[in-house]
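Per-entry structural report
Residue-level listing of the chains:
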Amino acid sequence: MYRDFARDFDSLTAIYEFAEKILAANEISESVRFPVHLAMEELFTNMVKYNPDNRSDIGVDVDVAAGTITVTLTESGVDEFDVTRPIDVDTGASLDERSPGGLGLYLLQNIVDKLEYDYDDRRSRVIFTKESG
Amino acid sequence: MFEIDYGSDGEVICAGRLDAAQCAKAEAFMDEIADTSTLDFSRLEYISSAGLGLLLKTQKRLAESGAALSISNVNNHIYDVFRYSGFDAIFDITAK
């Protein structure tokens, strides 16, 4: 199921409700729904933060088939930003050494089962999958 | 929806979903915390990296005066996020 969302943090509740309805209808467990919602938020907020001058909507597609949840986020008129590139976060650093920020993509890459990115004609598309079983 | 307020024993009760859209509300409250405090997460359902950043920022500020945040009643999903992030080493966290 596909829907466009305004490029604004205030869309997060609507995105959560949109995905939650689909996941609940497919009887996806809470232990899987949580990381799916988290991955969606991290991707969406990343798109909002790094393209502040772009006013176009962000497309979100959520599909559940054969035990696999597939989520696709698409945006147009943007520069390339490969979210699959390795993120260097020292999670063992001390409090003094750590700084706020930078965790979103690191978390994303660690909680999904598969993450893909493609960029063409100033359109970014991110696809992630999460197994429900 | 996200709510934050003091409980009857002085603990800070967080409830709902702490996503990026709710961080300004959480930050306005957390910026007023000046002493060692416990955050009660028993009714917090969800947190994203935006919320983690706020917790880290608050912990670093409090550490400058020898104070600290601890976090209690953390659900399994949020605990996993803390563990992935290494926050279990820089916060005193109690699981639900």
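Summary of the structure given here. (Residues numbered from 1 in each chain as written. Chains lettered and ligands numbered in written order. Predicted model: local features only at pLDDT ≥ 70, side-chain atom pairs only at ≥ 80, totals over all residues.)

**Considering the interface of chain B and chain A**
Listed by partner, the interface residues are 20 residues for chain B and 21 residues for chain A. Mapped onto the side of chain B that touches chain A, the elements with two or more residues apiece are helix H2 (49-63) and helix H3 (76-85) of chain B. Residue contributions to the side of chain B that touches chain A peak at nine residues, all from H2(B). By residue class, the composition of the side of chain B that touches chain A is 10 nonpolar, seven polar and three charged. (Contact = placed C-beta atoms within 7 Å. Helix = DSSP H or I, 4+ residues; strand = E, 2+ residues; numbered from the N terminus. Nonpolar A, V, L, I, M, F, W, Y, C, P; charged D, E, K, R; others polar.)

**Here's the deal with the nonpolar core**
Judged by nonpolar contacts, the single largest core of 52 residues is most densely connected at A:Ala39, A:Met40, A:Leu43, A:Phe44 and A:Leu73. Per-element accounting of this core gives the leading share, eight residues, to helix H2 (residues 30-50) of chain A. (Core = buried A, V, L, I, M, F, W, Y, C linked by C-beta atoms within 7 Å. Buried ≥ 20, exposed ≤ 12 C-beta atoms within 10 Å, placed from the backbone.)

**Describing H2(B)**
In this model, H2(B) (15 residues) spans 21 Å end to end at C-alpha, consistent with the 21 Å of a helix rising 1.5 Å per residue. What H2(B) keeps buried is the set B:Ser49, B:Ala50, B:Gly51, B:Leu52, B:Gly53, B:Leu54, B:Leu55, B:Leu56, B:Thr58 and B:Gln59. (Expected span 1.5 Å × (residues − 1).)

**Notes on unusual backbone geometry**
Even without glycine at this site, A:Arg122 takes up a positive phi of about 60°. Position of A:Arg122 among the secondary structure elements: in the loop between strand E4 (114-120) and strand E5 (123-131). Phi at B:Asn73 takes a positive value of approximately 55°, unusual for a residue other than glycine. Of note, B:Asn73 is situated in strand E4 (residues 69-74). Taking the C-beta count within 10 Å as the criterion, B:Asn73 has 19 such neighbours and is therefore assigned partly exposed.

**Concerning the pairing of E5(A)**
Residues A:Ser124, A:Val126, A:Phe128 and A:Lys130 line the buried face of E5(A), whereas the alternating positions A:Arg123, A:Arg125, A:Ile127, A:Thr129 and A:Glu131 sit on a face that is not buried. With antiparallel pairing between neighbouring strands as the criterion, E4(A) and E5(A) make up a hairpin whose turn holds two residues, including A:Asp121 at a positive phi of roughly 50°. (Pairing = 2+ DSSP bridges.)

**Some thoughts on the packing of helix H1 (residues 23-30) of chain B against H2(B)**
All names here are of chain B. Viewed as axis vectors pointing N to C, H1 and H2 meet at an angle of 15°, and their least axial separation amounts to 10 Å. By the criterion of interaxial angle, the relationship of H1 to H2 is roughly parallel. H1 and H2 meet at a crossing whose hand is right-handed. The residues of H2 that touch H1, namely those facing Cys-23, Ala-26, Glu-27 and Met-30, are Ala-50, Gly-51, Leu-54 and Thr-58. (Axes fitted to C-alpha atoms, helices over the stretch in contact; angles between N-to-C directions. Parallel < 35°, antiparallel > 145°, perpendicular 65-115°, else oblique. Left-handed = near helix turned anticlockwise from the far one by under 90°.)

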